[in-house]
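Secondary and tertiary structure notes
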Amino acid sequence: MVVAAAAFGQGDTVNELIHFALTKTSLRSPSTAWGVAWALLLGGDWMQAEALLHETLKSRPDDPNLLAMLALCQGRRGKL
């Protein structure tokens, strides 16, 4: 839901869902962290998305989707 809300530009809903995920899971699951990172990426929060993607990559270092998302975040932050 958080990714869909971010895709439709519903910032308040995104914030509520991220807060909910943090309180219920502490983003310990790589899938949850990836979903939140994706939502943050869609919302343009490059720094937070990058941080979560780095955490997610610890469990799946060769995942091409995560690497592409990380490259996008770093490119947007001028980290070429």
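Read on for a plain summary of the structure. Since we're looking at a predicted model, the values are computed, not measured.

Reading the values: rules and limits
- Residues numbered from 1 in each chain as written.
- Predicted model: local features only at pLDDT ≥ 70, side-chain atom pairs only at ≥ 80, totals over all residues.
- Heavy atoms only, no water.
- Axes fitted to C-alpha atoms, helices over the stretch in contact; angles between N-to-C directions.
- Helix = DSSP H or I, 4+ residues; strand = E, 2+ residues; numbered from the N terminus.
- Parallel < 35°, antiparallel > 145°, perpendicular 65-115°, else oblique.
- Left-handed = near helix turned anticlockwise from the far one by under 90°.
- Contact = heavy atoms within 4.5 Å.
- Nonpolar A, V, L, I, M, F, W, Y, C, P; charged D, E, K, R; others polar.
- Phe/Tyr/Trp six-rings, centres within 6.5 Å; stacked < 30°, edge-to-face > 60°.
- Buried < 20%, exposed > 50% of the residue type's maximum accessible area, 1.4 Å probe, protein only.
- Lys NZ or Arg CZ within 6 Å of the ring centre and 35° of its normal.
- Expected span 1.5 Å × (residues − 1).
- Arc of directions from axis to C-beta.

**Remarks on the packing of helix 4 (residues 46-57) against helix 5 (residues 64-76)**
- Two elements in contact, helix 4 and helix 5, have axes separated by 9 Å at closest approach and are oriented at 150 degrees. As judged from the angle between their axes, helix 4 and helix 5 are roughly antiparallel. Note on packing geometry: the crossing formed by helix 4 with helix 5 is left-handed. Of helix 5, the residues touching helix 4 (which contributes Trp46, Ala49, Glu50, Leu53, His54, Thr56 and Leu57) are Leu66, Leu67, Met69, Leu70, Leu72, Cys73, Gln74 and Arg76.
- Residues of the contact of helix 4 with helix 5, tallied by class, amount to ten nonpolar, three polar and two charged.

**Some words on the environment of Gln48**
- As for its placement among the helices and strands, Gln48 is situated in helix 4.
- On a C-alpha basis, the gap between Gln48 and Val36 in space is 9.4 Å, while along the polypeptide they are twelve residues apart.

**Details of the packing of aromatic side chains**
- The tally for this structure, following the rule as stated, stands at one aromatic pair.
- Between Trp34 and Trp38, the aromatic rings sit 5.7 Å apart at their centres with planes inclined by 20 degrees, giving stacked as the arrangement. Residue Trp34 and its partner Trp38 are both found in helix 3 (residues 30-42); the two are separated by four residues, about one turn of the helix.
- A relative accessible area of 25% means that Trp34 is categorised as partly exposed.
- Taking NZ or CZ as reference, Arg60 lies 5.7 Å from the ring centre of Trp34, over its face.

**Structural notes on helix 5**
- Under the 1.5 Å per step criterion, the end-to-end length of helix 5 is 18 Å for 13 residues, consistent within 8% with the ideal 18 Å.
- What helix 5 keeps buried is the set Leu66, Met69, Leu70 and Cys73. One face of helix 5 carries all of its buried residues, which in axial projection span an arc of 100 degrees.
- Residues of helix 5 that are buried make contact with helix 3 and helix 4.

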